[in-house]
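# Observations on the model geometry
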Amino acid sequence: MKQKITFLAVALILCGSILQAQTPAGLVAITPSGVEITSVSGENISTNNKRMVTVGNKLFFSAKTSDSGEELWMSDGTLSGTKMVKDIVAGANGSNPQWLCAVGNKCFFSATTATEGSELWVSDGTEAGTVLIKDIYSGSSSSTPINITAFGDKVLFFAMDEISELIPVVDNTIPEKWLWISDGTDAGTINIGETPTKETGYDGDKGKIIVTKDQSKAFFIGYSSSYNETLWITDGTKTGTKPIKDINPKPFTGWASTSPAAIDWMTLVGNKLVFRAETVSEVTGNSALGLNGDIGSEIWVSDGTASGTNWIGVDYAVGMSGATPFATGFAATLPLNDNLLLFRANDGVHGVEATVMDLSKPFVALTNPKMVQDYNNWNFPAAAQPSWPQGWRTVYNGFVYFQANGWISGPVSAPAKHGTAQSLTRIDVSSGDIAMIDSVSACTQWTPDNYTIFSPQPNADNCQFFTKVGDLLYFTAQDAANNNELWYMDASAYPKKYCDFTDNGTPHSLRMLNDKLYFIANSTKTLYQVGVNTGVSNIKLTDINIYPNPVSDVLNIKSDKSIKNMDLYDTQGRLVLHTNGNQKTINLSVINLGIYFLKISLTSGETSIEKIVKN
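Residues numbered from 1 in each chain as written. Predicted model: local features only at pLDDT ≥ 70, side-chain atom pairs only at ≥ 80, totals over all residues. Heavy atoms only, no water.

With that out of the way, let us pick up the overall build of the protein. For the protein, the count of helices and strands is three helices and 46 strands. Restricting the contact set of the protein to residue pairs at least 6 apart, pairs at least 24 apart contribute 52%. (Helix = DSSP H or I, 4+ residues; strand = E, 2+ residues; numbered from the N terminus. Contact = heavy atoms within 4.5 Å.)

With that out of the way, let us pick up the sheet that holds strand 7 (residues 98-103). Strand order in this open sheet of four strands is 7-8-9-10, and the pairing throughout is antiparallel. Pairing within the sheet leaves two strands with one partner each, and these edge strands are strand 7 and strand 10 (130-134). Strand-to-strand twist in this sheet, taken as the mean axis angle between neighbours without regard to direction, amounts to 35 degrees. (Pairing = 2+ DSSP bridges. Axes fitted to C-alpha atoms, helices over the stretch in contact; angles between N-to-C directions.)

Below, the discussion takes up unusual backbone geometry. Here Tyr-547 and Pro-548 are connected by a cis peptide whose omega angle stands at -10 degrees. Mapped onto the elements of the fold, Pro-548 is located in the loop between strand 40 (544-547) and strand 41 (554-559). Although it is not a glycine, Asp-515 adopts a positive phi angle of roughly 65 degrees. Relative to the assigned elements, Asp-515 resides in the loop between strand 37 (507-513) and strand 38 (516-521).

A contiguous nonpolar surface patch, about 330 Å² in accessible area, is contributed by Ile-163, Leu-166 and Ile-167. Tracing the chain through its elements places Ile-167 in the loop between helix 2 (162-166) and strand 13 (178-182). (Patch = residues over 30% accessible without salt bridge, like charges linked within 9 Å, V, L, I, M, F, W, Y side chains within 5 Å. Areas by Shrake-Rupley, 256 points an atom, 1.4 Å probe, with all protein chains shown as cover. Salt bridge = Lys/Arg side-chain N within 4 Å of Asp/Glu carboxyl O.)

Here we come to the sheet that holds strand 13. Spatial ordering of the open sheet is given by 11-12-13-14, a layout of four strands whose pairing is antiparallel. If you trace the sheet from one side to the other, it starts and ends with strand 11 (146-151) and strand 14 (189-193), each paired once. Averaged over all neighbouring strand pairs, the angle between strand axes comes to 30 degrees, with direction disregarded.

Turning our eyes to something else, we now look at the environment of Ala-491. Along the chain, the position of Ala-491 falls in the loop between strand 35 (484-489) and strand 36 (496-497). With a relative accessible area of 64%, Ala-491 lands in the exposed category. Separated by 94 residues in sequence, Ala-491 and Asn-397 place their C-alpha atoms 7.7 Å apart. Excluding residues that lie within four positions of it along the chain, Ala-491 makes contacts with Tyr-396 and Asn-397. (Buried < 20%, exposed > 50% of the residue type's maximum accessible area, 1.4 Å probe, protein only.)

Take the packing of aromatic side chains next. In the structure shown here, the tally under the stated rule is 16 aromatic pairs. Lying across the ring of Phe-399, Arg-426 places its NZ or CZ 3.7 Å from the centre. (Phe/Tyr/Trp six-rings, centres within 6.5 Å; stacked < 30°, edge-to-face > 60°. Lys NZ or Arg CZ within 6 Å of the ring centre and 35° of its normal.)

Mapped onto the secondary structure, Lys-496 falls in strand 36. Residue class for Lys-496 comes out buried when judged on its relative accessible area of 7%. Along the primary structure Lys-496 and Ile-453 are separated by 43 residues, whereas in three dimensions their C-alpha atoms are 8.8 Å apart. Once you skip the residues sitting within four places of it in the chain, Lys-496 turns out to touch Trp-487, Tyr-488, Asp-490, Leu-593, Gly-594 and Lys-614.

One finds Leu-231, Ile-263, Val-274 and Phe-275 to be the most contacted residues of the largest nonpolar core, which totals 32 residues. Those elements giving two or more residues to this core turn out to be strand 16 (218-224), strand 17 (228-234), strand 19 (264-269), strand 20 (272-279), strand 21 (296-302) and strand 26 (340-346). Counting 25 residues, the second largest nonpolar core, distinct from the first, contains Cys-101, Phe-108, Phe-151 and Phe-220. (Core = buried A, V, L, I, M, F, W, Y, C linked by side-chain atoms within 4.5 Å.)

So, about the pairing of strand 35. Counted residue by residue, strand 35 has six buried out of six residues, so it is predominantly covered. Note: strand 34 (residues 472-478) against strand 35, six bridges, orientation antiparallel. Bridged to Gln-478 within strand 35 is Asn-484. The antiparallel pairing of strand 34 with strand 35 creates a hairpin that spans five residues between the two strands, and Asn-482 there sits at a positive phi of about 55 degrees. As judged from the two bridges shared by strand 35 and strand 36, these two strands associate in the antiparallel manner. In the strand pairing of strand 36, Trp-487 is matched with Lys-497.

Let us look at the side chain of Ser-224. As for its position among the elements, Ser-224 is in strand 16. At 3.0 Å, the side chain of Ser-224 forms a polar contact with the backbone nitrogen of Tyr-227. Ser-224 has contacts with Val-169, Trp-232, Trp-255 and Ala-256, leaving out every residue within four places of it along the chain. (Polar contact = N/O pair within 3.5 Å; in protein donor to acceptor, adjacent residues only side chain to side chain.)

Using the criterion set out here, one finds zero disulfides in the structure. Note on Cys-101: no disulfide assigned, nearest cysteine sulfur contributed by Cys-107 at a separation of 7.5 Å. Exposure remark for Cys-101: the relative accessible area of 6% places this residue in the buried category. (Disulfide = S-S within 2.5 Å.)

As a general rule, the predicted coordinates of low-pLDDT regions are not to be interpreted in detail. Here the protein shows a mean pLDDT of 86. Residues at 70 or above account for 86%. This model gives residues 532-541 a pLDDT under 50, and the stretch forms 22 contacts once residues within four places in sequence are excluded. (pLDDT = per-residue confidence, 0-100.)

Written out as structure tokens, the structure reads:
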């Protein structure tokens, strides 16, 4: 149930300061009053050019006030340590910071001024150390840097200058952005690739730059008159920036000799790049496949060399739709280790489902890659509806959690089962072996009581942004229409709501800093810290010991000092339990599962607040 915190005393106890009434208990508002964060939701580097990034032990983001406009801000995780870095454009207009990128203890970004236009900047978190690196397109014209990406102690990015505007590669009527590198100095900011990148895409990769693990090379999508759109590589030098291979050698009528590769969803797995690309008869050499050997968009792997860049040899999306080969739909990737890749794909039979592939093993039809499970098969024949799995970001206690369309047993609309919409799902990946990786069971049936967050089914939970902090897994989800809030899971694997804003909170940009979780709520445009900042003296661990934590029934309290009383609050700031005197145990068996805050008051006047997890 949504509600405002009505007891100011509880808010003071939990946060150590007076918070805005709309701040739920268990959260600390980090941005000062009057500051509106402009960093937006979206985890893909190419679709979110206003990201919040972690730089060392600070968070950098864009925010605005009525006086300063939109500028670069940073936070050390405290209210007093959250401030504007520099008022780059004095007054209310702002510099519109974009493409924030962490390199060591510095943040590279683009900013716009009236005199230089949109150009590359860098900041060390101080006003004096926040400077324009280079006016790439001299004067007030903009180079408009995009996809700023860390490359060792430098950054790679695409930008426009006078030359790329005047002599574009693809279309002589459309100015282009070419590849640049910068070490943070004017002299060290140079053009290294006379090629544009893709600024549109099926799923939004839009010119993503993928850097190898050893930071020695980077893959990207580039164009040339010989190979059209294909896969490129760079070592950070002009001579080392080149196309790897003509991926689609089918003849092309137009500006290039061959056809575009239509590359998307580039993902680094170990030292290799996995991506999808148009796969034609000139590559397959098998006229029995697809349409006279053309099999559409399929899975490719590259080690950065021409000989090591190849279609995997398996037509994963078998079949045709009329005169068009099925496309695999390879997307939503999550590397599990240096060989295993989890993604979604269409095998041509079951729709788009969770799929796993092992780069260290031979590629064999139906075995590697393989579909994990046909989640969305209720009330349909074999050519079922797709489940569209998405949102996976990390492995937690041997499982990958995500959202997918599926089915569940129940009495709602069909006698045996019905659809769940986008609901919480998980896959057991603890074995690390492709042959053993499988879903626990169909869609949300992994809990004993067929648990779904948004009931009654079928309703979408919309779980996403799974982020592991300590022994908890945080994510966002809704349990009612337009009520997307912060949730978490512990070892019990039951989803629990952490907090509930007065309005639809819509948390995003979940980030870990100094072992704590921070996020932005879209409803309030505010940065929050998860956990209690007491503002009072904490008791040393040698003086007090609370165990077990997490706890299922009896909580033990051991202290060398005299306890006056103890108060247990839930995450809504409500008093759940009160004890008087020097009690050694508290029976918590009757309270609900979830996160609580135990305030311990000693007779000496010392006070401590401890987070308690009940499972």
